[in-house]
Amino acid sequence: MKKQVKVGIIGCGTIADVYMTNITQHYGNLNLIWVADLYVEKAKEAAEKYGIAHAGTVEELLADSEVSIVLDLTIPAAHYSVNKQILEAGKHVYCEKPLAMKFSEAEELVHLASESGLCCVSAPDTFLGAGIQTVREVLDRNEIGKPIGFTANMTCAGHELWHPNPGFYYRNGGGPMFDMGPYYLTALAYLLGSIRRVSCFAEKGRPIRDILGKKVESEVPTTYTAILEFDCGAIGTMTMSFDTWKTGLPLLEIYGTEGSVEVPDPNNFGGKASIFDGVKLRETVAAVQDPFPAKLFTMMTAQEECHQDLPLTFPSDPDPRSNMRGLGVSDMAQALLDNRPTRLSMELSLHVVEALNALESSAKTGQVYTMRTRVEQTEPMNKEWALWEVQ
Ligand SMILES: NC(=O)c1ccc[n+]([C@@H]2O[C@H](COP(=O)([O-])OP(=O)(O)OC[C@H]3O[C@@H](n4cnc5c(N)ncnc54)[C@H](O)[C@@H]3O)[C@@H](O)[C@H]2O)c1
(Lines give C-alpha, C1' and ligand atoms only; values in the text may rest on other atoms or scores of the structure.)
Protein backbone atom coordinates (compact mmCIF):
# COMPACT_ATOMS: atom_id res chain seq x y z
CA MET A 1 0.00 0.00 0.00
CA LYS A 2 1.42 3.34 -1.03
CA LYS A 3 1.72 6.18 1.43
CA GLN A 4 -1.23 8.48 0.94
CA VAL A 5 -1.95 12.17 1.30
CA LYS A 6 -5.49 13.18 2.26
CA VAL A 7 -7.16 15.62 -0.08
CA GLY A 8 -10.40 17.55 -0.33
CA ILE A 9 -12.18 19.16 -3.29
CA ILE A 10 -13.97 22.52 -3.29
CA GLY A 11 -16.27 22.95 -6.29
CA CYS A 12 -18.27 19.95 -7.53
CA GLY A 13 -19.08 21.18 -11.05
CA THR A 14 -18.32 20.02 -14.60
CA ILE A 15 -14.56 19.42 -14.33
CA ALA A 16 -14.78 17.88 -10.82
CA ASP A 17 -16.01 14.54 -12.19
CA VAL A 18 -12.77 13.67 -13.96
CA TYR A 19 -10.70 14.62 -10.89
CA MET A 20 -12.90 12.51 -8.62
CA THR A 21 -12.74 9.56 -11.02
CA ASN A 22 -8.98 9.75 -11.43
CA ILE A 23 -8.21 10.29 -7.76
CA THR A 24 -10.47 7.50 -6.55
CA GLN A 25 -9.50 5.04 -9.31
CA HIS A 26 -5.97 5.84 -10.52
CA TYR A 27 -3.83 7.96 -8.26
CA GLY A 28 -2.91 5.64 -5.45
CA ASN A 29 -1.02 8.21 -3.36
CA LEU A 30 -4.13 10.39 -2.98
CA ASN A 31 -7.01 9.73 -0.61
CA LEU A 32 -10.05 11.91 -1.34
CA ILE A 33 -11.86 12.30 1.99
CA TRP A 34 -13.80 15.58 1.58
CA VAL A 35 -15.92 17.37 -1.03
CA ALA A 36 -17.52 20.80 -0.61
CA ASP A 37 -19.49 23.25 -2.74
CA LEU A 38 -21.42 26.50 -2.37
CA TYR A 39 -24.38 24.24 -2.98
CA VAL A 40 -23.96 21.50 -0.38
CA GLU A 41 -26.37 19.26 -2.27
CA LYS A 42 -23.88 19.07 -5.15
CA ALA A 43 -21.16 17.98 -2.73
CA LYS A 44 -23.44 15.36 -1.19
CA GLU A 45 -24.31 13.96 -4.61
CA ALA A 46 -20.61 13.72 -5.51
CA ALA A 47 -19.78 12.04 -2.18
CA GLU A 48 -22.50 9.49 -2.77
CA LYS A 49 -21.37 8.80 -6.35
CA TYR A 50 -17.66 8.39 -5.54
CA GLY A 51 -17.89 6.97 -2.02
CA ILE A 52 -16.23 9.98 -0.37
CA ALA A 53 -16.41 10.06 3.44
CA HIS A 54 -17.35 13.72 4.03
CA ALA A 55 -19.44 16.33 2.19
CA GLY A 56 -20.42 19.80 3.33
CA THR A 57 -19.52 23.47 3.28
CA VAL A 58 -16.15 25.00 2.46
CA GLU A 59 -15.70 26.00 6.10
CA GLU A 60 -16.36 22.45 7.32
CA LEU A 61 -13.84 21.02 4.86
CA LEU A 62 -11.18 23.54 5.87
CA ALA A 63 -11.76 22.84 9.57
CA ASP A 64 -10.77 19.18 9.15
CA SER A 65 -7.13 18.89 10.19
CA GLU A 66 -6.81 15.56 8.33
CA VAL A 67 -6.99 17.28 4.92
CA SER A 68 -3.56 18.26 3.61
CA ILE A 69 -4.13 19.33 -0.05
CA VAL A 70 -7.27 21.12 -1.23
CA LEU A 71 -8.24 21.18 -4.90
CA ASP A 72 -9.98 24.39 -5.86
CA LEU A 73 -12.23 23.49 -8.80
CA THR A 74 -14.47 26.55 -8.50
CA ILE A 75 -14.93 29.09 -11.28
CA PRO A 76 -11.96 31.38 -12.12
CA ALA A 77 -13.60 34.46 -10.52
CA ALA A 78 -13.64 32.64 -7.16
CA HIS A 79 -10.08 31.25 -7.31
CA TYR A 80 -8.32 34.09 -5.48
CA SER A 81 -10.65 34.18 -2.48
CA VAL A 82 -11.05 30.40 -2.19
CA ASN A 83 -7.28 29.83 -2.54
CA LYS A 84 -6.62 32.44 0.14
CA GLN A 85 -9.08 30.74 2.49
CA ILE A 86 -7.37 27.38 1.90
CA LEU A 87 -3.91 28.81 2.63
CA GLU A 88 -5.18 30.59 5.73
CA ALA A 89 -6.47 27.22 6.94
CA GLY A 90 -2.87 25.94 6.65
CA LYS A 91 -3.45 23.64 3.65
CA HIS A 92 -1.74 23.25 0.27
CA VAL A 93 -3.61 24.49 -2.80
CA TYR A 94 -3.99 22.83 -6.18
CA CYS A 95 -6.25 25.09 -8.21
CA GLU A 96 -7.79 24.74 -11.65
CA LYS A 97 -6.49 27.36 -14.10
CA PRO A 98 -5.76 30.19 -13.56
CA LEU A 99 -4.32 30.58 -10.04
CA ALA A 100 -6.04 33.99 -9.85
CA MET A 101 -7.43 36.41 -12.40
CA LYS A 102 -5.08 39.29 -11.52
CA PHE A 103 -1.30 39.17 -11.31
CA SER A 104 -1.34 41.10 -7.99
CA GLU A 105 -3.71 38.50 -6.49
CA ALA A 106 -1.56 35.60 -7.68
CA GLU A 107 1.52 37.31 -6.22
CA GLU A 108 -0.23 37.71 -2.89
CA LEU A 109 -1.21 34.02 -2.83
CA VAL A 110 2.30 32.82 -3.67
CA HIS A 111 3.77 35.15 -1.04
CA LEU A 112 1.31 33.90 1.58
CA ALA A 113 2.04 30.26 0.67
CA SER A 114 5.82 30.75 0.77
CA GLU A 115 5.65 32.45 4.16
CA SER A 116 3.55 29.58 5.53
CA GLY A 117 5.68 26.79 4.00
CA LEU A 118 2.79 25.72 1.76
CA CYS A 119 2.40 24.96 -1.96
CA CYS A 120 -0.02 26.94 -4.07
CA VAL A 121 -0.10 25.96 -7.75
CA SER A 122 -2.57 25.81 -10.56
CA ALA A 123 -3.45 23.60 -13.52
CA PRO A 124 -2.73 22.74 -16.24
CA ASP A 125 -0.80 19.58 -15.43
CA THR A 126 -0.96 18.32 -19.02
CA PHE A 127 2.74 19.18 -19.46
CA LEU A 128 3.55 16.31 -17.07
CA GLY A 129 2.03 13.86 -19.57
CA ALA A 130 4.03 11.76 -22.03
CA GLY A 131 3.48 14.19 -24.94
CA ILE A 132 5.25 17.28 -23.65
CA GLN A 133 7.70 15.22 -21.57
CA THR A 134 8.87 13.58 -24.83
CA VAL A 135 9.59 17.02 -26.28
CA ARG A 136 11.36 18.03 -23.08
CA GLU A 137 13.77 15.10 -23.60
CA VAL A 138 14.35 16.13 -27.23
CA LEU A 139 15.30 19.65 -26.07
CA ASP A 140 17.43 18.34 -23.19
CA ARG A 141 19.35 16.12 -25.63
CA ASN A 142 19.90 19.19 -27.81
CA GLU A 143 18.37 17.38 -30.80
CA ILE A 144 17.09 20.55 -32.45
CA GLY A 145 19.98 22.72 -31.27
CA LYS A 146 19.26 26.04 -29.58
CA PRO A 147 15.55 26.95 -29.65
CA ILE A 148 15.14 30.14 -31.66
CA GLY A 149 11.45 30.26 -32.51
CA PHE A 150 8.01 28.76 -32.06
CA THR A 151 4.40 29.09 -33.04
CA ALA A 152 1.44 28.33 -30.74
CA ASN A 153 -2.11 28.30 -32.04
CA MET A 154 -5.45 27.41 -30.51
CA THR A 155 -8.10 28.28 -33.04
CA CYS A 156 -11.73 27.24 -32.96
CA ALA A 157 -15.13 28.70 -33.81
CA GLY A 158 -16.15 29.27 -30.17
CA HIS A 159 -17.12 27.09 -27.22
CA GLU A 160 -20.82 27.97 -27.67
CA LEU A 161 -20.87 25.31 -30.39
CA TRP A 162 -20.60 22.55 -27.78
CA HIS A 163 -20.62 23.87 -24.20
CA PRO A 164 -23.87 23.43 -22.22
CA ASN A 165 -23.51 26.84 -20.54
CA PRO A 166 -21.08 28.95 -22.64
CA GLY A 167 -22.07 32.50 -21.59
CA PHE A 168 -19.08 33.02 -19.26
CA TYR A 169 -16.58 32.56 -22.10
CA TYR A 170 -17.74 35.92 -23.52
CA ARG A 171 -17.93 37.87 -20.26
CA ASN A 172 -15.07 39.75 -18.58
CA GLY A 173 -12.46 37.26 -17.42
CA GLY A 174 -13.37 34.91 -20.29
CA GLY A 175 -12.13 34.89 -23.87
CA PRO A 176 -9.73 32.49 -25.60
CA MET A 177 -6.54 33.84 -23.99
CA PHE A 178 -7.61 33.36 -20.35
CA ASP A 179 -9.37 30.09 -21.13
CA MET A 180 -6.85 28.32 -23.40
CA GLY A 181 -3.71 30.46 -23.03
CA PRO A 182 -2.66 28.74 -19.76
CA TYR A 183 -2.11 25.39 -21.55
CA TYR A 184 0.19 26.93 -24.17
CA LEU A 185 1.99 29.36 -21.86
CA THR A 186 2.63 26.63 -19.28
CA ALA A 187 4.00 24.24 -21.92
CA LEU A 188 6.18 26.97 -23.46
CA ALA A 189 7.57 28.18 -20.11
CA TYR A 190 8.25 24.58 -19.03
CA LEU A 191 10.08 23.83 -22.29
CA LEU A 192 11.80 27.15 -23.02
CA GLY A 193 12.06 28.88 -19.62
CA SER A 194 11.08 32.41 -18.68
CA ILE A 195 9.16 34.76 -20.95
CA ARG A 196 10.96 38.11 -21.18
CA ARG A 197 8.64 40.38 -23.15
CA VAL A 198 5.22 40.19 -24.78
CA SER A 199 3.26 42.23 -27.27
CA CYS A 200 -0.29 41.51 -28.30
CA PHE A 201 -3.19 42.60 -30.52
CA ALA A 202 -6.76 41.54 -29.86
CA GLU A 203 -10.05 41.89 -31.68
CA LYS A 204 -13.67 40.88 -31.46
CA GLY A 205 -13.72 39.02 -34.78
CA ARG A 206 -17.34 37.96 -34.38
CA PRO A 207 -18.68 40.20 -31.59
CA ILE A 208 -22.24 38.88 -31.62
CA ARG A 209 -22.39 35.30 -30.34
CA ASP A 210 -25.23 32.84 -30.28
CA ILE A 211 -25.51 31.85 -26.62
CA LEU A 212 -28.15 29.16 -26.21
CA GLY A 213 -30.32 30.75 -28.90
CA LYS A 214 -29.81 34.37 -27.71
CA LYS A 215 -27.68 36.96 -29.55
CA VAL A 216 -25.16 38.28 -27.04
CA GLU A 217 -22.35 40.79 -27.57
CA SER A 218 -18.99 39.53 -26.34
CA GLU A 219 -17.47 41.68 -23.56
CA VAL A 220 -14.00 40.40 -24.38
CA PRO A 221 -11.84 40.06 -27.50
CA THR A 222 -12.37 36.77 -29.27
CA THR A 223 -9.06 36.61 -31.18
CA TYR A 224 -5.60 37.41 -29.76
CA THR A 225 -2.36 37.35 -31.71
CA ALA A 226 0.81 37.87 -29.72
CA ILE A 227 4.57 37.89 -30.07
CA LEU A 228 6.57 36.52 -27.15
CA GLU A 229 10.29 36.69 -26.48
CA PHE A 230 11.94 34.27 -24.07
CA ASP A 231 15.10 34.75 -21.99
CA CYS A 232 16.71 31.90 -24.00
CA GLY A 233 16.40 34.09 -27.10
CA ALA A 234 13.50 32.25 -28.76
CA ILE A 235 10.81 34.45 -30.28
CA GLY A 236 7.46 33.30 -31.58
CA THR A 237 3.81 33.93 -32.21
CA MET A 238 0.75 32.84 -30.30
CA THR A 239 -2.82 33.00 -31.61
CA MET A 240 -5.80 32.14 -29.44
CA SER A 241 -9.12 32.47 -31.25
CA PHE A 242 -12.81 31.73 -30.85
CA ASP A 243 -13.45 33.18 -34.33
CA THR A 244 -11.72 30.73 -36.68
CA TRP A 245 -13.56 27.95 -38.48
CA LYS A 246 -10.55 26.15 -39.95
CA THR A 247 -6.81 26.61 -40.27
CA GLY A 248 -3.82 24.51 -41.24
CA LEU A 249 -1.77 26.04 -38.41
CA PRO A 250 0.10 23.70 -36.07
CA LEU A 251 -0.93 23.68 -32.39
CA LEU A 252 2.62 24.11 -31.16
CA GLU A 253 5.98 23.84 -32.90
CA ILE A 254 9.44 24.78 -31.66
CA TYR A 255 12.19 25.72 -34.10
CA GLY A 256 15.86 25.22 -33.27
CA THR A 257 19.20 25.93 -34.94
CA GLU A 258 19.44 22.27 -36.02
CA GLY A 259 15.84 21.18 -36.51
CA SER A 260 12.21 21.56 -35.51
CA VAL A 261 9.90 19.69 -33.19
CA GLU A 262 6.14 19.30 -33.37
CA VAL A 263 4.75 19.43 -29.83
CA PRO A 264 1.61 17.44 -28.99
CA ASP A 265 -1.55 19.37 -28.06
CA PRO A 266 -0.75 21.16 -24.76
CA ASN A 267 -4.39 20.61 -23.75
CA ASN A 268 -3.81 16.82 -23.71
CA PHE A 269 -1.52 14.43 -21.86
CA GLY A 270 -0.33 12.35 -24.83
CA GLY A 271 -0.61 12.94 -28.55
CA LYS A 272 1.54 13.08 -31.64
CA ALA A 273 5.08 14.45 -31.67
CA SER A 274 7.51 14.58 -34.57
CA ILE A 275 10.97 15.91 -35.31
CA PHE A 276 12.63 17.42 -38.36
CA ASP A 277 16.36 16.80 -38.62
CA GLY A 278 17.93 19.92 -40.14
CA VAL A 279 21.46 18.51 -39.95
CA LYS A 280 20.45 15.56 -42.11
CA LEU A 281 18.84 17.87 -44.66
CA ARG A 282 21.95 20.07 -44.79
CA GLU A 283 24.22 17.04 -45.29
CA THR A 284 21.94 15.48 -47.92
CA VAL A 285 21.90 18.68 -49.96
CA ALA A 286 25.66 19.21 -49.51
CA ALA A 287 26.34 15.70 -50.88
CA VAL A 288 24.75 16.61 -54.22
CA GLN A 289 27.54 17.70 -56.56
CA ASP A 290 25.48 19.21 -59.38
CA PRO A 291 24.71 22.89 -58.99
CA PHE A 292 21.28 24.49 -59.30
CA PRO A 293 18.64 23.15 -59.77
CA ALA A 294 19.79 19.73 -58.48
CA LYS A 295 20.52 20.98 -54.95
CA LEU A 296 17.21 22.84 -54.77
CA PHE A 297 15.36 19.79 -56.04
CA THR A 298 17.09 17.58 -53.43
CA MET A 299 16.27 20.05 -50.70
CA MET A 300 12.59 19.79 -51.58
CA THR A 301 12.43 16.03 -52.08
CA ALA A 302 14.55 15.10 -49.03
CA GLN A 303 12.17 16.85 -46.62
CA GLU A 304 10.15 13.73 -45.94
CA GLU A 305 13.11 11.52 -45.05
CA CYS A 306 14.33 14.15 -42.56
CA HIS A 307 10.97 14.20 -40.76
CA GLN A 308 9.95 11.41 -38.41
CA ASP A 309 7.35 10.68 -35.76
CA LEU A 310 8.65 10.54 -32.20
CA PRO A 311 7.60 7.61 -30.04
CA LEU A 312 6.45 8.88 -26.66
CA THR A 313 9.14 8.23 -24.09
CA PHE A 314 6.92 6.58 -21.51
CA PRO A 315 3.60 4.79 -21.59
CA SER A 316 0.61 6.91 -22.35
CA ASP A 317 -3.01 6.01 -22.63
CA PRO A 318 -3.66 5.02 -26.26
CA ASP A 319 -6.29 7.73 -26.59
CA PRO A 320 -4.35 11.02 -26.73
CA ARG A 321 -7.43 12.93 -25.59
CA SER A 322 -7.77 10.84 -22.46
CA ASN A 323 -8.04 13.00 -19.46
CA MET A 324 -5.46 12.30 -16.79
CA ARG A 325 -6.23 15.45 -14.81
CA GLY A 326 -4.90 15.10 -11.29
CA LEU A 327 -1.39 14.03 -12.34
CA GLY A 328 -0.10 17.33 -10.94
CA VAL A 329 -1.90 16.75 -7.62
CA SER A 330 -0.42 13.27 -7.43
CA ASP A 331 3.05 14.71 -8.12
CA MET A 332 2.46 17.34 -5.43
CA ALA A 333 1.49 14.67 -2.89
CA GLN A 334 4.55 12.60 -3.78
CA ALA A 335 6.74 15.70 -3.49
CA LEU A 336 5.38 16.30 0.02
CA LEU A 337 5.99 12.66 0.98
CA ASP A 338 9.51 12.64 -0.51
CA ASN A 339 10.37 16.16 0.65
CA ARG A 340 11.27 17.37 -2.86
CA PRO A 341 10.01 20.29 -4.99
CA THR A 342 6.82 19.86 -7.00
CA ARG A 343 7.25 19.64 -10.78
CA LEU A 344 4.40 22.09 -11.21
CA SER A 345 5.96 24.99 -9.34
CA MET A 346 4.42 28.09 -7.78
CA GLU A 347 6.79 30.18 -9.92
CA LEU A 348 5.40 28.58 -13.08
CA SER A 349 1.76 29.18 -12.06
CA LEU A 350 2.58 32.79 -11.14
CA HIS A 351 4.55 33.37 -14.36
CA VAL A 352 1.56 32.20 -16.41
CA VAL A 353 -0.86 34.54 -14.59
CA GLU A 354 1.55 37.43 -15.16
CA ALA A 355 1.82 36.51 -18.86
CA LEU A 356 -1.98 36.34 -19.27
CA ASN A 357 -2.36 39.79 -17.71
CA ALA A 358 0.60 41.10 -19.72
CA LEU A 359 -0.97 39.97 -23.00
CA GLU A 360 -4.31 41.52 -22.03
CA SER A 361 -2.61 44.75 -21.02
CA SER A 362 -0.48 44.95 -24.18
CA ALA A 363 -3.58 44.41 -26.33
CA LYS A 364 -5.26 47.35 -24.55
CA THR A 365 -2.35 49.78 -24.42
CA GLY A 366 -0.39 48.87 -27.54
CA GLN A 367 2.75 48.73 -25.38
CA VAL A 368 5.33 45.97 -25.13
CA TYR A 369 5.20 44.49 -21.61
CA THR A 370 8.40 43.40 -19.86
CA MET A 371 7.81 40.47 -17.51
CA ARG A 372 8.82 40.76 -13.85
CA THR A 373 8.69 37.13 -12.75
CA ARG A 374 11.05 34.34 -13.72
CA VAL A 375 10.67 30.59 -13.71
CA GLU A 376 13.21 27.82 -13.09
CA GLN A 377 12.84 24.66 -15.13
CA THR A 378 11.78 21.78 -12.86
CA GLU A 379 12.72 18.10 -13.11
CA PRO A 380 11.30 16.00 -15.96
CA MET A 381 8.49 13.64 -14.98
CA ASN A 382 9.48 10.36 -13.38
CA LYS A 383 8.93 7.63 -15.97
CA GLU A 384 7.92 5.26 -13.19
CA TRP A 385 4.80 7.38 -12.91
CA ALA A 386 2.83 4.86 -14.96
CA LEU A 387 3.44 2.25 -12.27
CA TRP A 388 2.28 4.34 -9.39
CA GLU A 389 -0.23 6.60 -11.06
CA VAL A 390 -2.42 4.94 -13.64
CA GLN A 391 -3.40 1.27 -13.56
N1 LIG B 1 -15.41 22.49 -17.84
C2 LIG B 1 -14.29 22.20 -18.49
O3 LIG B 1 -14.28 21.54 -19.56
C4 LIG B 1 -12.97 22.66 -17.93
C5 LIG B 1 -11.80 22.18 -18.53
C6 LIG B 1 -10.59 22.55 -18.01
C7 LIG B 1 -10.53 23.40 -16.94
N8 LIG B 1 -11.67 23.89 -16.36
C9 LIG B 1 -11.53 24.81 -15.23
O10 LIG B 1 -12.17 24.23 -14.10
C11 LIG B 1 -12.72 25.24 -13.25
C12 LIG B 1 -14.18 24.94 -13.00
O13 LIG B 1 -14.85 24.87 -14.24
P14 LIG B 1 -16.23 24.07 -14.39
O15 LIG B 1 -16.50 24.02 -15.84
O16 LIG B 1 -16.18 22.82 -13.58
O17 LIG B 1 -17.21 25.10 -13.68
P18 LIG B 1 -18.67 24.79 -13.08
O19 LIG B 1 -19.37 26.08 -13.04
O20 LIG B 1 -19.29 23.63 -13.80
O21 LIG B 1 -18.37 24.28 -11.58
C22 LIG B 1 -17.88 25.12 -10.55
C23 LIG B 1 -18.39 24.62 -9.22
O24 LIG B 1 -17.83 25.42 -8.20
C25 LIG B 1 -18.84 25.82 -7.29
N26 LIG B 1 -18.44 27.10 -6.71
C27 LIG B 1 -18.35 28.29 -7.35
N28 LIG B 1 -17.90 29.24 -6.50
C29 LIG B 1 -17.70 28.62 -5.31
C30 LIG B 1 -17.22 29.06 -4.05
N31 LIG B 1 -16.89 30.33 -3.82
N32 LIG B 1 -17.14 28.15 -3.05
C33 LIG B 1 -17.49 26.85 -3.25
N34 LIG B 1 -17.95 26.38 -4.43
C35 LIG B 1 -18.03 27.25 -5.45
C36 LIG B 1 -20.10 25.89 -8.12
O37 LIG B 1 -21.26 25.77 -7.31
C38 LIG B 1 -19.91 24.72 -9.07
O39 LIG B 1 -20.43 23.52 -8.53
C40 LIG B 1 -12.43 26.56 -13.97
O41 LIG B 1 -11.29 27.13 -13.43
C42 LIG B 1 -12.18 26.15 -15.42
O43 LIG B 1 -11.29 27.04 -16.07
C44 LIG B 1 -12.88 23.51 -16.83
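What counts, and where the lines are drawn
Starting afresh in each chain, residues are numbered from 1 along the sequence in its written order. Under the rules for a predicted model, residues below a pLDDT of 70 receive no local features and side-chain atom pairs below 80 are neither given nor counted, while totals for whole chains, interfaces and linings still include all residues. Where side-chain values are given, they derive from all heavy atoms of the structure, hydrogens and water being excluded. One bridge is not enough; two strands pair if DSSP finds at least two bridges between them. Strands are runs of DSSP state E lasting at least 2 residues, helices are runs of H or I lasting at least 4, and numbering of each runs from the N terminus. Between N-to-C directions, angles span 0 to 180 degrees; the directions come from axes that are lines fitted to C-alpha atoms, helices contributing only their stretch in contact. Two aromatic rings from Phe, Tyr or Trp, using only the six-membered ring of Trp, form a pair when their centres are within 6.5 Å; if the ring planes differ by under 30 degrees the pair is stacked, by over 60 it is edge-to-face, and anything between is tilted. Relative accessibility under 20% of the residue-type maximum defines a buried residue, over 50% an exposed one, and the middle range a partly exposed one, all with a 1.4 Å probe and only protein chains included. One side-chain nitrogen of Lys or Arg within 4 Å of one carboxyl oxygen of Asp or Glu is enough to make a salt bridge. It suffices for a single heavy atom of a residue to lie within 4 Å of a molecule or strand for the residue to be listed as near it. Polar contact criterion, stated in full: a pair of N or O atoms within 3.5 Å, where within protein one must be able to donate a hydrogen and the other to accept it, and residues adjacent in sequence count only if both atoms are side-chain atoms. All accessible areas in this document rest on Shrake-Rupley with a 1.4 Å probe, and a residue is counted as covered only by the protein chains that are shown. Throughout this entry, Asp, Glu, Lys and Arg are counted as charged residues, while Ala, Val, Leu, Ile, Met, Phe, Trp, Tyr, Cys and Pro are counted as nonpolar. The remaining residues, Gly among them, count as polar. By convention a nonpolar core is built from buried Ala, Val, Leu, Ile, Met, Phe, Trp, Tyr and Cys residues, the set being connected through side-chain atoms within 4.5 Å. Residues count as neighbours in contact if any of their non-hydrogen atoms are within 4.5 Å of one another. Oblique is the label for every angle not falling under 35 degrees (roughly parallel), over 145 degrees (roughly antiparallel), or within 65 to 115 degrees (roughly perpendicular). Should the near helix be turned counterclockwise from the far one by less than a right angle, the crossing is left-handed, whereas a clockwise turn marks it as right-handed. Where each domain starts and ends comes from a domain assignment, either automatic or drawn from a database.

(A) Inspection of the sheet that holds strand β5 (residues 92-95) at higher detail. The sheet built from six strands is open, its strands ordered β3-β2-β1-β4-β5-β6 with parallel pairing. Each having just a single partner strand, β3 (54-56) and β6 (120-122) make up the two edges of the open sheet. Averaged over neighbouring strand pairs, the angle between their axes works out to 25 degrees when direction is ignored. Where strand β1 (residues 5-10) and strand β4 (residues 69-72) come together, four bridges link them in parallel fashion.

(B) The arrangement of the packing of aromatic side chains in detail. According to the stated counting rule, one finds five aromatic pairs in the structure shown. Aromatic pair Tyr 169 and Phe 242: ring centres 6.1 Å apart, planes at 85 degrees, arrangement edge-to-face. A residue pair is termed long-range when its members are at least 10 positions apart, and Tyr 169 in the loop between β7 (147-155) and α7 (175-192) and Phe 242 in the loop between β12 (235-241) and β13 (252-256) qualify at 73 residues. As far as burial versus exposure is concerned, Tyr 169 and Phe 242 are alike and both buried. Here the aromatic cluster, defined as three or more aromatic residues joined through ring pairs, consists of Phe 168, Tyr 169, Tyr 170 and Phe 242.

(C) View of the pattern of salt bridges. For the structure on display, the rule yields 21 salt bridges. Where Glu 96 meets Arg 325, a salt bridge forms, and the shortest distance between an N and an O atom there is 3.5 Å. With a gap of 229 residues between them, Glu 96 in the loop between β5 and α5 (103-116) and Arg 325 in the loop between β16 (307-310) and α10 (327-338) connect regions that are remote in the sequence. As far as the burial class goes, Glu 96 and Arg 325 line up, both buried. Linked through salt bridges whose partners overlap, the residues forming this network are Arg 196, Arg 197, Glu 229, Asp 231 and Arg 374.

(D) Looking closely at the site of the ligand. Around the ligand there are 22 residues in total, and Thr 14, Ile 15, Asp 37, Lys 42 and Lys 97 lie nearest to it. Note that an oxygen atom of the ligand is positioned 2.9 Å from one of the backbone N or O atoms of Ile 15. Taking Leu 38, its main chain carries an N or O atom lying 3.1 Å from a nitrogen atom of the ligand. When the free accessible area of the ligand is taken as 830 Å², the share hidden by the protein chains comes to 81%. Broken down by element, the shell around the ligand gets its largest block of residues, four residues, from helix α4 (residues 76-88). Of the residues in the shell around the ligand, the class split is twelve nonpolar, five polar and five charged.

(E) Representation of the nonpolar core in the model. One finds Met 20, Leu 71 and Tyr 94 to be the most contacted residues of the largest nonpolar core, which totals 115 residues. Look past the residues within four positions of Leu 71 in its chain and what remains in contact with it is Val 7, Gly 8, Ile 9, Ile 10, Tyr 19, Ile 23, Tyr 94 and Val 329. Counting five residues, the second-largest nonpolar core is a separate cluster that includes Phe 276, Val 285, Ala 302 and Cys 306.

(F) Structural view of the packing of helix α8 (residues 278-286) against helix α9 (residues 294-301). Axis separation between α8 and α9 bottoms out at 9 Å; the angle between their running directions is 150 degrees. The angle between the axes of α8 and α9 places the two elements in the roughly antiparallel class. As α8 runs across α9, the sense of the crossing is right-handed. Here Leu 281, Thr 284, Val 285 and Ala 286 of α8 come into contact with α9, specifically with Lys 295, Thr 298 and Met 299. The residue inventory of the contact of α8 with α9, partitioned by class, reads four nonpolar, two polar and one charged.

(G) Region of the structure containing the environment of Ser 218. Tracing the backbone through its elements, the reader meets Ser 218 in the loop between β10 (214-217) and β11 (223-230). Sequence separation between Ser 218 and Thr 373 is 155 residues; the distance between their C-alpha atoms is 31 Å. Sequence-distant contacts of Ser 218, that is, excluding residues within four places in its chain, are made with Tyr 170, Lys 204, Pro 207 and Arg 209.

(H) Representation of the sheet that holds strand β17 (residues 369-370) in the model. Strands sit in the order β16-β15-β14-β13-β7-β12-β11-β8-β17 across an open sheet of nine strands; the sheet is mixed. Lying at the two open borders of the sheet, with one neighbouring strand each, are β16 and β17. Sheet topology places β7 next to β12; seven bridges connect them, and they run parallel. In the strand pairing of β12, Thr 155 is matched with Ser 241. Contacting β14 (259-262) and β15 (273-277), α8 crosses the sheet at an angle of about 35 degrees to β15. In this fold helix α11 (residues 346-365) packs onto β8 (195-203), β11 and β17, with an angle of close to 45 degrees to the strand it touches most, β8.

(I) How the structure looks around the domain arrangement of the protein. We note that the domain assignment places domain 1 (5-122) and domain 2 (128-271) within the protein. In this structure, domain 1 and domain 2 have C-alpha centres spaced 26 Å apart.

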